[in-house]
Amino acid sequence: MSAVDLTARRTDADHLDHAVRLAVENVAAGGGPFGAVVVRDGFVVATGVNRVTAQNDPTAHAEVQAIRAACTALGTFSLAGTTLYSSCEPCPMCLASSLWARVDRVLYAADRHDAARGGFDDRAFYEVFDTPRTEWSVPVQQQPNAGSPAPFDAWLASAARIDY
């Protein structure tokens, strides 16, 4: 990966440059053109690159990889107080992951139109969410059953529950 002094405090532009360098290096290594960096107080906590084809994992996007690594490094599921820098506008999955991780902000370099030009048309996913579910090409429907509330009842009754 890129030679970056992880002990030095950097600017937003530096961190975006780092994410872009990671993406370019990942392409050279046979991966997808995406890189991400999680930063707290100006210092790099973790990085990630797209590993979808390397791991045969459609969720192994750079942002998700960086979020997972940051949570491991910090020993928490909450990344409150951090910024996620991405080489490209996060897809809906990565954006949702950022929200679930509670990052304070997300900054990206290229946008969804740049990604589409490269053959990564995330625009289709953004458009799906703007369409009523009844018109989606993949049916997503609730099928309630008598036991459907049971997991949440168990959760609420659990003394070991850690709210998030």
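Basis of the calculations
Residues numbered from 1 in each chain as written. Predicted model: local features only at pLDDT ≥ 70, side-chain atom pairs only at ≥ 80, totals over all residues. Heavy atoms only, no water. Core = buried A, V, L, I, M, F, W, Y, C linked by side-chain atoms within 4.5 Å. Buried < 20%, exposed > 50% of the residue type's maximum accessible area, 1.4 Å probe, protein only. Helix = DSSP H or I, 4+ residues; strand = E, 2+ residues; numbered from the N terminus. Contact = heavy atoms within 4.5 Å. Patch = residues over 30% accessible without salt bridge, like charges linked within 9 Å, V, L, I, M, F, W, Y side chains within 5 Å. Areas by Shrake-Rupley, 256 points an atom, 1.4 Å probe, with all protein chains shown as cover. Salt bridge = Lys/Arg side-chain N within 4 Å of Asp/Glu carboxyl O. Pairing = 2+ DSSP bridges. Axes fitted to C-alpha atoms, helices over the stretch in contact; angles between N-to-C directions.

Trainee: How should I be thinking about the nonpolar core in this particular structure?
Mentor: Across soluble globular proteins, nonpolar side chains show a tendency to be buried alongside one another. Membership of the largest hydrophobic core comes to 15 residues, with the highest contact counts inside it found for Val38, Ile67, Leu79 and Leu84. Elements that contribute at least two residues to this core include exactly strand 1 (35-40), helix 3 (62-74) and strand 3 (82-88). Ranked by residues supplied to this core, first place goes to helix 3 with five residues. Every residue in contact with Val38, bar those within four places of it in the chain, is listed here: Phe43, Val44, Val45, Ala46, Ala66, Ile67, Ala70, Leu79, Thr82, Thr83 and Leu84.

Trainee: Which parts of the structure should I look at to understand a nonpolar patch on the surface?
Mentor: A grouping of Phe77, Trp100, Trp155, Leu156, Ile162 and Tyr164 is seen on the molecular surface, where their side chains present a nonpolar patch of about 750 Å² in accessible area. Its place among the elements puts Leu156 in helix 7 (residues 150-157). Leu156 sits in the exposed class, given a relative accessible area of 59%.

Trainee: Teacher, can you tell me more about the sheet that holds strand 1 here?
Mentor: Paired through backbone hydrogen bonds, the strands of a sheet run either parallel or antiparallel to each other. With mixed pairing, four strands are arranged side by side in an open sheet as 2-1-3-4. The sheet is open, and its two edges are formed by strand 2 (43-49) and strand 4 (105-110), each paired on a single side. Across this sheet, the average inter-strand angle for adjacent strands is 20°, counted without regard to direction. Summarising the sheet, strand 1 and strand 3 pair through five bridges and their orientation is antiparallel. Bridge pairing in strand 3 places Val38 opposite Leu84. Each of strand 1, strand 2, strand 3 and strand 4 touches helix 1 (residues 12-28); the most contacted strand, strand 1, lies at about 150° to it. Taken strand by strand, helix 3 contacts strand 1, strand 2 and strand 3, and its axis lies near 135° from that of strand 2.

Trainee: Would you mind going over unusual backbone geometry with me for this structure?
Mentor: Apart from glycine, the bulk of residues carry a negative phi angle, and the bulk of peptide bonds sit in the trans form. The phi torsion at Asp41 lies on the positive side, around 55°, for a residue other than glycine. Mapping Asp41 onto the fold places it in the loop between strand 1 and strand 2. The residue Asn56 is not glycine, and still its phi comes out positive at about 50°. Positionally, Asn56 belongs in the loop between helix 2 (52-55) and helix 3.

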